[in-house]
Amino acid sequence: MRYLPQTQKSRAEMLAAIGVASVDDLYRDVPKSAFIQGYARIDNHKGELEVERILGAYANENQPAGEGPFFLGAGCYNHHVPASVDYIIQRSEFLTAYTPYQPEIAQGTLQVIFEFQTMIAVLTGQDIANASMYDGATAAAEAALMAMRVTKRDKVVVGNALHPHYRETLATYIGNQSGAVLTEGQPDPQTACVIIQTPDFTGTPHALAEWRKLCDETGALLVVVVNEIVSLGLLPAPVEADIVCGEAQSVGVAMSYGGPHLGFFATKEKFLRQMPGRLCGMTLDADGKRGFVLTLNTREQHIRREKATSNICTNQGLMALAFTVHMALLGEGGFKQLARLNHEAAILLADSLAKVPGVKVINKCFFNEFVVELPKSAASVVRELAQQGVIAGYPFEDNRLLVCATEMTTDTDIGIFCEALREVL
Amino acid sequence: MSDNLKYTQEHEWLKIEDGNVAVLGITPYAQDALGDLVFVELPELGRKLTKGEHFAVVESVKTAAEVYTPVAGEVVAINDNLSGDPELIKKSLEEGWIAKIKLSDPTELEGLMDRAAYDKFTASLD
Amino acid sequence: MVAERKIETIEKASSMNMMDQTRGLNYEENLLWEKAPGDHPGVDLPAPQNSTLRTGLAARSTVGLPQVSEPQVLRHFVRLSTKNYSIDHGFFPLGSCTMKHNPRLNEKVARMPGFAHIHPLQPESTVQGALRVMYELQNILGELTNLRGVCLTPAAGAHGELAGLMTIRRAHELNGQGHRKVILVPDSAHGTNPATAAMCDYTIRVIPTKDGGRVTVEAFKEALYANGGDGKDVAGMMVTNPNTCGLFEREIIECADLLHKAGGYFYCDGANFNALVGKIRPGDFGVDVMHINLHKTFSTPHGGGGPGSGPICVNESLRAYLPSPVVVQDKDGSYHLEGVDERPTSMGRLKGFQGQFGMHLRALAYILSHGADGLKQVSEDAVLNANYILSQLKEDFYVPFAGPCMHECLLTDKLQKDVGVTTLDIAKTLIEHGMHPMTVFFPLVVSGAMLIEPTETESKESIDRFITVMKAVAADVKSGDTAKFHDFPLSAPRRRLDETKAAREPVLRWKA
């Protein structure tokens, strides 16, 4: 009961002030049949120590990345997070604030969003970015819906190897729209957008000029999905795109078994009013001081209701803060250096794996992730290596394994991985 | 008061030019309800509208009001100046119109209110 | 070129601010890009070997990021943080948002390496503890709602609404009822309800609630059987209960029965579950589907606007159609994520991975801490606190719908606005007095709404101070002392901000 300040005395005083005999009198509008008799069938309250023991025991049943060599990526990446990031995001003023609807007392959150929007815009080579989305998959789905609104067309084309979970999420969202079609290949004059992931799901980076040309010819929008945002420190900015969206978990955010992560969404200024999600803008206060507010709210559900650009009414605020702090620490030089270190770790991994008998590196080009072909079922290799404490990668198409290296990957990790592979193959 | 305009219950005014073109804007009543205007979304030129269709959006900070056409027809002119300065809507008929619609069926005008009827209508709302 | 002139004004304002305006502990803070760039970053990384690239593309030369040292970064964000109000500062009666205490134990648990550093695609044998967390939370939420099919994936309340409506849609489609295209929504609903229905390609039919603040059987029937229909075109209804006026929908069981007879499903927006948790089960008043905002009822921090988490709970009739994945337990006692291939009736995948797991953990830590006895006390104290406020302010402010209320109470500015003091002014006055305002201008069914949700984690002293301030406002307005209200806040980090300017000439990013 440590979270409850009321006392028996204060409760009694308040009931008397209201003029009722018991708290159940306040529930008189509720049908009797809906009340739980006594207590719900869960345990009674526990102290902090007991809760920590119970959940600590569950945590110990897991095999986290720090405990052994780790080569899994596939849309969620194991990167280092500087200590300052977690310190900042645990400050009460950020952690326990609400959405900044009262800007006079929310300038901290608002300026962070403004800086986040700026960072995403410069990283993606786009004009503007929103305050963030749930995750990369839903950001891609929202991008497709936006393209359908802009072009008034209802065909969405996946142009290359999109993350399978993004593809499934897209199918779920698009499936809601009557007449909408989701297909693979190239855009045609009925196409609302073509979606290109870069690096694609198998790790290959893509040039965009040809896709831009196809889009210009057909009137489709070019949606570029990036789910390893660190790649933007080494690969060219996707300036050709009309929308760039994806996942920014790699900077500042723990993997945390799949969430909370950090979807981002950037586009050209001309599409501003079709954009989903929160936006923060600069303005002045009554004294002429610079300040920030949430703006262009008329796109959103609390005003437009059924005509809103999306039903979304949160952003991943705290994750956007973590990203902004981490990115501020990295800065221009550190971010590019981090990207290069990731690429170099992957090169070392590729060259080492190529020497393991039976292992074939499939990618010619990659950033920090690539596919190897194994002489046996990749899923069974992953299981066998997990028993030895090695998280090997993402198995698919029977004998293919998607592996990833980051700045966290050591030479020793790579050595252990190759040795373990030699044994099981 | 009287003028030569027609009015709708959605607070639009229509001025008829050359017998078959309706110039359309929103009334001071709607302008007051919206407050400071920040954006006007205009229709595309040449768009064919059915009666009752929404063809423009007038936005303030907290509200987005859709503008409906009470008459069917084709959009033959739009007031581009509103894109740069939405507050022009409040200035005058000459500066604040939103679109001109070439009527498909001029008899549709017959059901609309004149100034006296509209004043009575707005008085009943308060 | 009005726009350019005004942006210049912002620039002038900012340079003045940043140089001259810091006083005492009130720091002005410029943007990261406005700081003198350093020649090295705020992290030390190993030097790259500059090996030949294998990206197949040219290396990017510039990005456009700022560059400063670690102490500068810390100072920047700490100074920014001091401009925020938060639940740890004080009273935060934001109706419909449940701004309750956020226990730090939850934060500690979420940062245990065994939870923070596991990957969503790891072999399931290596994440049994995480799956167990999800499985137990599913069971507990099922128990608290009496809706036993639970999917934790949705990332927020609005995402939960989408999940819930799509579950309903999937059920109809697979049962030959795909022609049902109408969702009934009361006019008092959150904006997300109609927005979600539209995203699902449903049309909205509004149930008017105006007079009593509630959905009556009569009004419900009119909506259900509109245009002489038999209700067979209705896919379902979305009702928040307690509703957005802070009232329990008294006739909800009768409405649900009629809806069920017509073949529709009852979606309950669970935003206001804090009035019921541990005491009343929505599954027992006719609900078929409900989302739960873990960031409201179950104390996960709002984080300045997210992350949220919006699991959905459904009854047996809809369990087969839930989004994928859900956690299931195998015969040997181990857990796994049940994919679409195992349950082809599922409405599909909603998100990249299995949900906001960090929020699931925090919610479970909160539930274990409170237990069944604590949760019941949570809802009782939440309802008691709201009714206490209502009882103390009902003479000073207009009460559109008579109480008792549930966990939040609704007032309006009807008694004040005629002398020119509006809900907005009252909200800004609360800021001046060091409190966060209530929810203003929502619900839309009354003019000048003030929706006050104190939550159970406020002491009587804290609530009494709010009451004192509100009574002082009412007294000042009555005595004609009204001019000052338009200027508030005077003591906050910023005065009222020009939102019209922000919307007319959007400046959404820093530019050199």
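Residues numbered from 1 in each chain as written. Chains lettered and ligands numbered in written order. Predicted model: local features only at pLDDT ≥ 70, side-chain atom pairs only at ≥ 80, totals over all residues. Heavy atoms only, no water.

Enquirer: Looking at this structure, how should I read the interface of chain B and chain C?
Expert: Many structure descriptions define interface size as the accessible area lost when the parts assemble. Every contact between the two is made by six residues of chain B and, on the other side, four residues of chain C. Summed over both sides, the interface of chain B with chain C buries roughly 450 Å², with 55% coming from carbon and sulfur. Counting across the chain B and chain C interface gives one salt bridge. Across the salt bridge formed by R504 of chain C and E87 of chain B, the nearest N and O atoms sit 3.2 Å from each other. Linking chain B with chain C are two residue pairs in polar contact (both at pLDDT 80 or more). By residue class, the composition of the side of chain B that touches chain C is three nonpolar, no polar and three charged. (Contact = heavy atoms within 4.5 Å. Buried area = accessible area lost by both parts, 1.4 Å probe. Salt bridge = Lys/Arg side-chain N within 4 Å of Asp/Glu carboxyl O. Polar contact = N/O pair within 3.5 Å; in protein donor to acceptor, adjacent residues only side chain to side chain. Nonpolar A, V, L, I, M, F, W, Y, C, P; charged D, E, K, R; others polar.)

Enquirer: Help me out: how do you make sense of the domain arrangement of chain A in this one?
Expert: Residues and elements named next belong to chain A. When the domains of chain A are assigned, the result is domain 1 (66-81 + 332-424) and domain 2 (85-324). A separation of 28 Å is found between the C-alpha centroids of domain 1 and domain 2. Contact with domain 1, which involves 26 residues of that partner, is made by 26 residues of domain 2. Of the roughly 2,000 Å² buried between domain 1 and domain 2, counting both surfaces, carbon and sulfur atoms make up 70%. Applying the counting rule to domain 1 against domain 2 returns zero salt bridges. For the pair domain 1 and domain 2, the interface holds eight residue pairs in polar contact (both at pLDDT 80 or more). It is helix 10 (residues 317-354) that contributes the most residues to the side of domain 1 that touches domain 2, seven residues altogether. Looking at the side of domain 1 that touches domain 2 residue by residue, the class counts come to 16 nonpolar, seven polar and three charged. (Domains from an automatic or database assignment. Helix = DSSP H or I, 4+ residues; strand = E, 2+ residues; numbered from the N terminus.)

Enquirer: Please explain the interface of chain A and chain C as it appears in this structure.
Expert: Across the contact, 189 residues belong to chain A and 207 residues belong to chain C. Summed over both partners, the interface of chain A with chain C comes to about 17,300 Å²; 62% of that surface belongs to carbon and sulfur atoms. Area buried by chain A at its contact with chain C is led by Y3, Y257 and R290 of chain A, which between them contribute 6% of it. There are 16 salt bridges connecting chain A and chain C. Salt-bridge contacts for K279 of chain C lead to D24 of chain A; the nearest nitrogen and oxygen are separated by 2.6 Å.

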